[in-house]
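# Remarks on the overall topology
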Amino acid sequence: MRRLHDKTPYTAALNLGTIPVLSQYGLHTKLLDFQEKNPHIQLNIVEDRGEEILRMLDCELVELAVLRANSLPDDCYKSLTLGTDKLVFVCSSTHPLAACSEVCLKDFQQEDFFLLDMGQNFADSVQHACARDGFVPHIRQRFIRMETILGYVAAGAGVSLLMEKELTAFNLRNVAVKKLSPTISDTIALVFPHGRHLSPAAATLRNFLGNFTGKRI
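Summarised in this report is the structure supplied together with it. (Residues numbered from 1 in each chain as written. Predicted model: local features only at pLDDT ≥ 70, side-chain atom pairs only at ≥ 80, totals over all residues. Heavy atoms only, no water.)

## Examining the packing of aromatic side chains
Quick note on the threshold: Here a Phe, Tyr or Trp ring, Trp counted by its six-membered ring, pairs with any other such ring whose centre lies within 6.5 Å, and the pair is stacked when the planes are under 30 degrees apart, edge-to-face when over 60, and tilted otherwise. Helix numbering and strand numbering both begin at the N terminus, where a helix is a DSSP run of H or I of at least 4 residues and a strand a DSSP run of E of at least 2. A 1.4 Å probe rolled over the protein chains alone gives each residue an accessible area, and that area as a share of the maximum for its type sets the label: buried under 20%, exposed over 50%, partly exposed in between.
Evaluated as defined, the whole model comprises 6 aromatic pairs. Taking the centre distance of 5.4 Å and the plane angle of 65 degrees together, the rings of F34 and F208 count as edge-to-face. Of the two residues, F34 is situated in helix α1 (residues 27–37) and F208 in helix α5 (residues 200–213); the sequence distance between them amounts to 174 residues. Residue F34 is classed as buried on the basis of its relative accessible area, which comes to 0%. Their ring planes at 35 degrees and their centres at 5.0 Å tell us that F114 and Y152 sit as a pair that is tilted. Of the two residues, F114 sits in strand β6 (residues 112–116) while Y152 sits in helix α4 (residues 146–154), which places them 38 residues apart along the sequence. F114 gets classed as buried once you look at its relative accessible area, which sits at 1%. Through successive ring pairs, a cluster of aromatic residues spans F89, F108 and F113.

Rendered as structure tokens:
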């Protein structure tokens, strides 16, 4: 996480947990900049599923975490918004809705859904959004890898709701991505539990990222 020719000795260590979204939201460049400006801090990044990162945060195996705001189970956490995103509808390029500029949830109430396994809160948010449009979605399968979902969708086996920015890292051949109306948004946030005393290294990273967003926690 720092330049090879930098010989500054580490005097502090910081464990940061994250879901696999750093490059899609440009956070990797901010972390590289942080390490360059703070070469004495050894930044250890642990990447995993949201539920596992949250468990590590609660068990103090990581001091800070980058998570989706809707994955937080309650209001026991402080959060600093790092980026925003929105759900989009993903279907096969041969699907009848592929020709539409935007779609409503009720347009695909008869479809089979393949969802990214981002935790129960994400599934609940999809369920609630569909309920507002008067139907219960048929969730055929949840997968932990987006490329698996895109493969099934491209084959015409079903449709999906995915985060728009996360799709930028994947091959979208044979799939169509459509805007949802109304928009369903979410945020990526730097998170830590209320009442946790942050180490100087963790506080430095929190303040550094806060300078980019203009926000404080």
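Following the structure, the description resumes.
## Quick notes on α4
Defined as follows: Note that the arc is defined by the directions from the helix axis to the C-beta atoms. By definition, residues are in contact when any of their heavy atoms lie within 4.5 Å.
Buried within α4 we find M146, I149, L150 and V153. Each buried residue of α4 lies within a common arc of 100 degrees when the element is viewed along its axis, so the set occupies one face. On the buried face of α4, the contacting elements are β4 (77–92), β6, β7 (138–143), β8 (160–163) and β9 (175–180). After α4 finishes, the residue G156 shows a positive phi value of roughly 80 degrees.

## What about the side chain of R68?
Stated precisely, the cut-off is as follows: The definition of a polar contact used here is a pair of N or O atoms within 3.5 Å, where within protein one atom must be able to donate a hydrogen and the other to accept one, and adjacent residues in sequence count solely through side-chain atom pairs.
With respect to the helices and strands, R68 occurs in strand β3 (residues 64–68). Of the residues examined, R68 reaches a relative accessible area of 2% and is grouped as buried. Among the polar contacts made by the side chain of R68, one reaches the side chain of Y25 at a distance of 2.8 Å.

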